[in-house]
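Structural features, examined
Single-letter residue listing:
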Amino acid sequence: MSTAIYDYHNDYMVRATAANAQIRAFAVTSRGVAEYARAAHDLSPVATAALGRTMSGALMMADMLKGPQDLLTIQIDGDGPIGRILVTADNHGGVKGYVDHPDVELPPNAFGHLNVGGAVGQGTLTVIRDLGLKDPYVGQTALQTGEIAEDLTYYFAVSEQIPSSVGLGVLVDRQKNCVREAGGFVVQLMPFAEEDVIAKLEENLKGIDSVTQMLSAGDTPEKMLERVLQGLDLIITDKTPVAFHCNCC
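1. What to know about the overall build of the chain
Scanning the chain for helices and strands turns up 7 helices and 10 strands. Whereas a compact globule of 249 residues would reach a radius of gyration of roughly 18 Å, the chain reaches 17 Å, a difference of no more than 12%. Once the C-alpha set of the chain is aligned to its principal axes, its extents read approximately 45 × 45 × 35 Å. Residues classed as buried in the chain amount to 53% of the 249 residues present. Of all intrachain contacts in the chain linking residues separated by at least 6 positions in sequence, the fraction that spans at least 24 positions is 65%. Of the roughly 11,500 Å² of accessible surface on the chain, 50% is carried by carbon and sulfur atoms. Each charge class in the chain can be summarised by its mean position, and for the 18 positive and 31 negative side chains these summaries are 3 Å apart.

2. Digging into a negative patch on the surface
Residues Glu194, Glu195, Asp196 and Glu202 make up a contiguous surface patch of negative charge. As for its placement among the helices and strands, Glu202 is situated in helix 5 (residues 195–207).

3. Quick word on the packing of aromatic side chains
Scanning all chains against the criterion turns up 2 aromatic pairs. Between Tyr36 and Phe244, the ring centres sit 4.9 Å apart and the planes meet at 50°, which makes this aromatic pair tilted. Within this pair, whereas Tyr36 is found in helix 1 (residues 31–41), its partner Phe244 is found in strand 10 (residues 235–246), the two being separated by 208 residues in sequence. One residue, Lys239, lies across the ring of Tyr12, its end atom 4.2 Å from the ring centre.

4. Remarks on helix 7 (residues 221–228)
Listing the buried residues of helix 7 in full gives Pro221, Glu222, Met224, Leu225 and Val228. Looking straight down helix 7, one finds its buried side chains confined to an arc of 160°; they lie on one side.

5. Some remarks on helix 4 (residues 149–159)
Every buried residue of helix 4 is listed here: Ala149, Asp151, Leu152, Tyr155, Phe156 and Ser159. Buried residues of helix 4, seen end-on, are gathered within an arc of 160° and therefore sit on one face of the element. Buried residues in helix 4 make contact with helix 2 (45–62), strand 3 (71–78), strand 6 (123–130), strand 7 (137–142), strand 8 (164–173) and strand 9 (178–189).

6. A few points about the pairing of strand 7
Sheet topology note: the strand 6/strand 7 ladder contains 6 bridges and is antiparallel. From the neighbouring strand, Ile128 faces strand 7, where its bridge partner is Val138. Counted between consecutive antiparallel strands, the loop separating strand 6 from strand 7 contains 6 residues, among which Gly132 sits at a positive phi close to 80°.

7. Observations regarding the environment of Ala157
With respect to the helices, strands and loops of the structure, Ala157 is situated in helix 4. Taking the relative accessible area as the measure of exposure, Ala157 reaches 41% and is therefore partly exposed. Considering only alpha carbons, one finds Ala157 and Asn20, 137 residues apart in sequence, at a separation of 22 Å.

8. Examining the confidence of the model for the chain
Overall, the predicted model of the chain reaches an average pLDDT of 93, with 95% of residues at or above 70. Contacts of residues 1–7 to residues separated by more than four positions or lying in other chains number 21 contacts, the stretch itself having pLDDT below 50.

9. A closer look at the pattern of salt bridges
Scanning the entire structure with this criterion turns up 8 salt bridges. A salt bridge links Asp77 to Arg84, with the shortest nitrogen-to-oxygen separation between them at 2.7 Å. Residue Asp77 is classed as partly exposed on the basis of its relative accessible area of 23%. The partner of Arg227 in a salt bridge is Asp219, with the nearest N and O atoms 2.5 Å apart.

10. Section: the layout of surface pockets
In this model, the largest pocket occupies a volume close to 680 Å³. Every residue lining the largest pocket is counted, 28 residues in all, and those nearest its centre are Arg53, His113, Leu168, Ser210 and Thr212. Listed by contribution, the elements that provide at least two residues to the lining of the largest pocket are helix 2, helix 4, strand 8 and helix 6 (211–216). Residue contributions to the lining of the largest pocket peak at 8 residues, all from strand 8. The residue makeup of the lining of the largest pocket, split by class, is 13 nonpolar, 10 polar and 5 charged.

What counts, and where the lines are drawn
- Numbering of residues starts from 1 in every chain and runs along the sequence as written.
- Where local features are concerned, this predicted model is filtered to residues with pLDDT of at least 70; where side-chain atom pairs are given and counted, the filter is 80 or more; whole-chain, interface and lining totals use all residues.
- Calculated side-chain values reflect all of the structure's heavy atoms, with hydrogen atoms and water omitted.
- Going along the chain from the N terminus, every DSSP run of H or I of four or more residues is numbered as a helix, and every run of E of two or more is numbered as a strand.
- All radius of gyration figures rest on C-alpha atoms, and the globule criterion is 2.2 Å times the number of residues raised to 0.38.
- Only protein chains enter the area calculation, which uses a 1.4 Å probe; residues under 20% of their type maximum are buried, those over 50% are exposed, and those in between are partly exposed.
- Residue contacts follow a heavy-atom distance rule, with two residues in contact if any of their heavy atoms lie within 4.5 Å.
- To measure how exposed things are, a 1.4 Å probe is used in the Shrake-Rupley method; for residues, cover is taken only from the protein chains shown.
- Under the convention used here, Asp and Glu are negative, Lys and Arg are positive, and both His and the chain ends fall outside the count.
- The atom standing in for a charge is NZ when the residue is Lys, CZ when it is Arg, CG when it is Asp and CD when it is Glu.
- Surface patches are defined over residues having more than 30% relative accessible area and no salt bridge, joining like charges when they lie within 9 Å and nonpolar side chains (Val, Leu, Ile, Met, Phe, Trp, Tyr) when within 5 Å.
- Any carboxyl oxygen of Asp or Glu within 4 Å of a side-chain nitrogen of Lys or Arg constitutes a salt bridge here.
- Only rings of Phe, Tyr and Trp enter the pairing, Trp through its six-membered ring, and a pair is recorded when the two centres are within 6.5 Å. The plane angle decides the type: under 30 degrees is stacked, over 60 is edge-to-face, the rest tilted.
- The rule is short: NZ of Lys or CZ of Arg within 6 Å of the ring centre and within 35 degrees of the ring normal puts a charge over the ring.
- Arc definition: directions from the helix axis to the C-beta atoms.
- Pairing between strands is defined by DSSP: at least two bridges between them are needed.
- Confidence scores per residue from the predictor, reported as pLDDT, run from 0 to 100.
- Cavities and pockets are defined on a 1 Å grid built over the protein atoms alone: a cavity is a set of grid points where a 1.4 Å probe fits but cannot escape, while a pocket is an open set with protein on both sides within 12 Å along at least five of seven lines, and lining residues are those with an atom within 4 Å of any such point.
- Grid points are joined across faces, edges and corners, and a volume is the space filled by probe spheres set on the points.
- Gly counts as polar in this scheme, as do all residues outside two lists: the nonpolar Ala, Val, Leu, Ile, Met, Phe, Trp, Tyr, Cys and Pro, and the charged Asp, Glu, Lys and Arg.

Given below as structure tokens:
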């Protein structure tokens, strides 16, 4: 069995802490990953956005795993026309995924953006952590919007009881049929987080631009976290290259 690896030199992920370890955070830029998936699966723009967002989220969640062989899978089963979204990532920066119906097309949503929520529909989000034990850990929640970021935020709150904020974005050039930007962030409060830290984080989150706006302005993963965690003593603790990694061919 051969292994195909695609690596785009600007794709990477960072891990960080802030507020004296009261916050942990992750951020990723993944344009090459999303563009490879678009080309490999011949994805429509809305399918590119849905899969790209899910892959960015999975990369950051997999970075939370401890064991070198641990794997994380996100499975989204909605009743929308895109069907199932399935993504698997490891904690070395590798990710792969697909959607059931890669050619789905929908009109833009009310904001003029790609209608990922409409493509996904209502259903469930399942997170599977394979930690090398007899049985994997499985958590499942109902989809809230189908826009992926809000659904992962809800998953963390309900299934893992971790107050979190997830931001994800994929900017597709529909005329040139390519990915211009992709990435995201995850910020989580630790159980001992103080009220002033929580208030400052909430204030910051209200004022930041969208992920695609930040990336389009040239923000790196570090810069995105600087914006999200402004005034909270951000410390970058790790940096990992990320790539689309498929061992299925």
